Amino acid sequence: MTDLAPRELRVLVAVADAGGFSAAAVALGMTQSAVSHSVRGSERRLGAVLFDRGRSGASPTHAGEAALGYARRVLRLLEVMGSEVRAAASAAGAGDGRGPGAGVLAGPLRIAAFRSAALHLLPRALGRLTERHPGIVPEVRIVREVGRGTAGEVLDGRADLGIAMLGTTSPVPPELVGGVLVEEGYALVHPAGHSSPRSLPLIDWTENCTSYTREWWAGQEWLPPATVQAEDDGAVLSMVSTGFGMAVMPELSLVGAPPSVEITDLGPERPTRSVGYVTTPELASSLAVRALIRELRAIAG
């Protein structure tokens, strides 16, 4: 059985975050030899080399990335255990008979979200959450929903919960749990008052070129290939508003759209995408994550 102590896990994470043994030693207040010894011991017990060593520092191997995901998640569970035990103790001390979690929840809650969700879905949910639990401190990171996206942040132990795009070709990863919060449709966006918006150049961005729209996109003879690729949906909307072109965008990206753009419904066959949440099975039962999911469902429903 692999048996690594929390301090050994912290050393692994520090080496990865600092990019080297010397920098990790400084961050941890240890000697470099002690850090090296700890890493070698962890590698020996895990049976794999976790870091590639070089003159420029240390970088995780493929096995190291897997180990670091578990290390961050275990360390986070230890933090959550402390906060939830204290909440249960405060409830018991107050003579509250409502059971575990009736006490004061406190501490960080780490959330990864793609841009439009961070702008238009999370704020209301977090407002309601912190009103009920003022001791919770949300930490939100905006992550591009390409590649491993927000789910990757959760798997790597950098986030407790991710707001993710879910679908048949991008389901909840088997290591995680999650659910759909909202189904959002796509619409045609073009400069207001334009007499022939479908004749304009098409503007797109990487996160939008996904399986959610690809099949529908291929069947639209009027849609030309995108001639402009922007960095994100905000840049796309800005370019459309100045008359540069048209775009096909999801509803969350169109919240607060300026009056200089016009939004045209694409009809009953319009493409849609599912926006949901993902978390680890362990954190799904934690009080803070459960509280946030409740608030997300409340505003999405």
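Cut-offs and rules
- Residues numbered from 1 in each chain as written.
- Predicted model: local features only at pLDDT ≥ 70, side-chain atom pairs only at ≥ 80, totals over all residues.
- Heavy atoms only, no water.
- Core = buried A, V, L, I, M, F, W, Y, C linked by side-chain atoms within 4.5 Å.
- Buried < 20%, exposed > 50% of the residue type's maximum accessible area, 1.4 Å probe, protein only.
- Helix = DSSP H or I, 4+ residues; strand = E, 2+ residues; numbered from the N terminus.
- Contact = heavy atoms within 4.5 Å.
- Phe/Tyr/Trp six-rings, centres within 6.5 Å; stacked < 30°, edge-to-face > 60°.
- Lys NZ or Arg CZ within 6 Å of the ring centre and 35° of its normal.
- pLDDT = per-residue confidence, 0-100.
- Salt bridge = Lys/Arg side-chain N within 4 Å of Asp/Glu carboxyl O.

**Q** Describe the nonpolar core, and please don't skip the residues or the numbers.
**A** Counting residues in each nonpolar core, the largest one holds 31 residues, and the members touching the most others are L109, L121, L161, I163, L292 and L296. Contributing elements (two or more residues each) for this core: α4 (62-93), β3 (107-113), α5 (115-120), α6 (122-132), β5 (161-166), β11 (272-279) and α11 (287-300). Examining the composition of this core, we find that eight residues originate from one element, α11, more than from any other. When neighbours within four sequence positions are excluded, L109 is seen to be in contact with R76, L129, I136, V137, P138, E139, D160, A288, V289 and L292. Listed in part, the 20 residues of the second largest apolar core include V11, V35, A67 and A71.

**Q** An account of the packing of aromatic side chains is requested, with residue identities and associated values reported.
**A** Counted according to the given criterion, the structure contains two aromatic pairs. Taken together, a centroid distance of 6.2 Å and an interplanar angle of 70 degrees make the contact between F21 and F51 edge-to-face. Remark: F51 occurs in strand β1 (residues 51-54) and F21 occurs in helix α2 (residues 21-28); sequence separation between them is 30 residues. You can call F51 buried: its relative accessible area is 2%. Above the ring of W222, the side-chain terminus of R198 is found at 3.9 Å from the ring centroid.

**Q** Outline the confidence of the model for the protein chain, listing residues and values.
**A** Here the protein chain shows a mean pLDDT of 90. Residues at 70 or above account for 93%. Between residues 97-102, whose pLDDT stays under 50, and residues either more than four places distant or in other chains, the model counts four contacts.

**Q** How would you summarise the pattern of salt bridges if you had to cite specific residues and measurements?
**A** Counted under the stated rule, the structure contains 15 salt bridges. We note a salt bridge from D17 to R72, for which the minimum N-O separation is 3.1 Å. Residue D17 is located in helix α1 (residues 6-18), and its partner R72 is located in helix α4; the two are separated by 55 residues in the primary sequence. Residue classification places D17 among the exposed residues on the basis of a relative accessible area of 55%. Accessibility expressed as a relative area gives 10% for R72, which makes it buried. Between R110 and D160 there is a salt bridge, and its shortest N-O distance comes to 2.9 Å. Separated by 50 residues along the polypeptide, R110 in strand β3 and D160 in the loop between α7 (149-155) and β5 bring together distant segments of the chain. Each of R76, E79, R110 and D160 takes part in salt bridges that share partners, so that together they form one network.

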